[in-house]
Amino acid sequence: MNINGITNNTNIPETMPRTVAQAEDRGYDKASIKQMARSGKIECETCANRKYKDGSDEMVSFKSPAHISPQSAASAVRSHEQEHVSNAYKKAANNNGKVMQASVRIKTSICPECGRSYVSGGETTTQIKYNEENPYGKSFKSADAAGVIGSNFDLKNE
């Protein structure tokens, strides 16, 4: 139909592919697919299958592997690491101690498939000083050392 020079075109363009597999099925070449993945227009298989898991023995989030989108990973990892800091302050308060230092390190990596930078995990380090006038103060140090082992938040690809 043509009304005032405007044609009714029924050829609606295809939507952009969302994954590498969709782009390959639609005939995009490898260079175009890599460029689309790098710019974030499509998600590569590695990024789509990336899972995060906590490696500590504390009761915090990510005890079982879970997928986080690359866009949400930074805030999710920061929030998770803050749980470790909060636990350290609670532990110090409950055992007549004082948190002397708490720091969080956010780790980043480059995806080997699409070349995008992503948050790959985090590491929390805390130092608690216990009141050693208490006869049990020294034993808190050794108990605290056991809790530090394995307290990293590690990336796990499954």
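**Thoughts on the overall build of the protein**
For step 1, the next point in the chain: Helix and strand counts for the protein come out as 5 helices and 7 strands.
For step 2, the next point in the chain: Along its sequence from the N terminus, the protein presents helices and strands in the succession β-β-α-α-α-β-β-α-β-β-α-β.
For step 3, the next point in the chain: In the protein, which comprises 158 residues, the share counted as buried stands at 25%.
For step 4, the next point in the chain: In the protein, of all internal contacts separated by at least 6 residues, the share reaching a separation of at least 24 is 55%.
For step 5, the next point in the chain: Summed over all atoms, the accessible surface of the protein reaches about 10300 Å², with 50% contributed by carbon and sulfur.

**Here's the deal with the state of the cysteines**
For step 1, the next point in the chain: Under the definition given, this model contains 0 disulfides.
For step 2, the next point in the chain: There is no disulfide at Cys 47, and the cysteine sulfur nearest it, in Cys 44, is 3.5 Å away.

**Describing the confidence of the model for the protein**
For step 1, the next point in the chain: Considering every residue of the protein, the mean pLDDT works out to 82; 76% of them sit at 70 or more.
For step 2, the next point in the chain: Confidence scores differ between elements of the protein, with strand β1 (residues 2–3) showing the lowest mean pLDDT of 50 and strand β5 (residues 97–110) the highest of 94.

**Quick look at the packing of aromatic side chains**
For step 1, the next point in the chain: Within this structure, the stated rule accounts for 0 aromatic pairs.
For step 2, the next point in the chain: Here the guanidinium or amino end of Arg 50 rests over the ring plane of Tyr 118, the centre of that ring lying 3.4 Å away.

**Remarks on the environment of Ala 23**
For step 1, the next point in the chain: Summarising the element assignment, Ala 23 is placed in helix α1 (residues 20–25).
For step 2, the next point in the chain: Along the chain, Ala 23 and Ile 42 lie 19 residues apart, while their C-alpha atoms are 8.4 Å from each other.
For step 3, the next point in the chain: Each residue touching Ala 23, except ones within four places of it in the same chain, is listed here: Pro 17, Tyr 28, Ile 33, Met 36 and Ile 42.

**Some thoughts on helix α4 (residues 70–94)**
For step 1, the next point in the chain: Look at α4: 37 Å from first C-alpha to last across 25 residues, which is about the 36 Å you get at 1.5 Å a residue.
For step 2, the next point in the chain: All of the buried residues along α4 are Pro 70, Ala 73, Val 77, His 80, Glu 81, His 84, Val 85, Ala 88 and Ala 92.
For step 3, the next point in the chain: Once α4 ends, the next one or two residues include Asn 96, with phi positive near 55°.

Cut-offs applied
- Residues numbered from 1 in each chain as written.
- Predicted model: local features only at pLDDT ≥ 70, side-chain atom pairs only at ≥ 80, totals over all residues.
- Heavy atoms only, no water.
- Helix = DSSP H or I, 4+ residues; strand = E, 2+ residues; numbered from the N terminus.
- Buried < 20%, exposed > 50% of the residue type's maximum accessible area, 1.4 Å probe, protein only.
- Contact = heavy atoms within 4.5 Å.
- Areas by Shrake-Rupley, 256 points an atom, 1.4 Å probe, with all protein chains shown as cover.
- Disulfide = S-S within 2.5 Å.
- pLDDT = per-residue confidence, 0-100.
- Phe/Tyr/Trp six-rings, centres within 6.5 Å; stacked < 30°, edge-to-face > 60°.
- Lys NZ or Arg CZ within 6 Å of the ring centre and 35° of its normal.
- Expected span 1.5 Å × (residues − 1).

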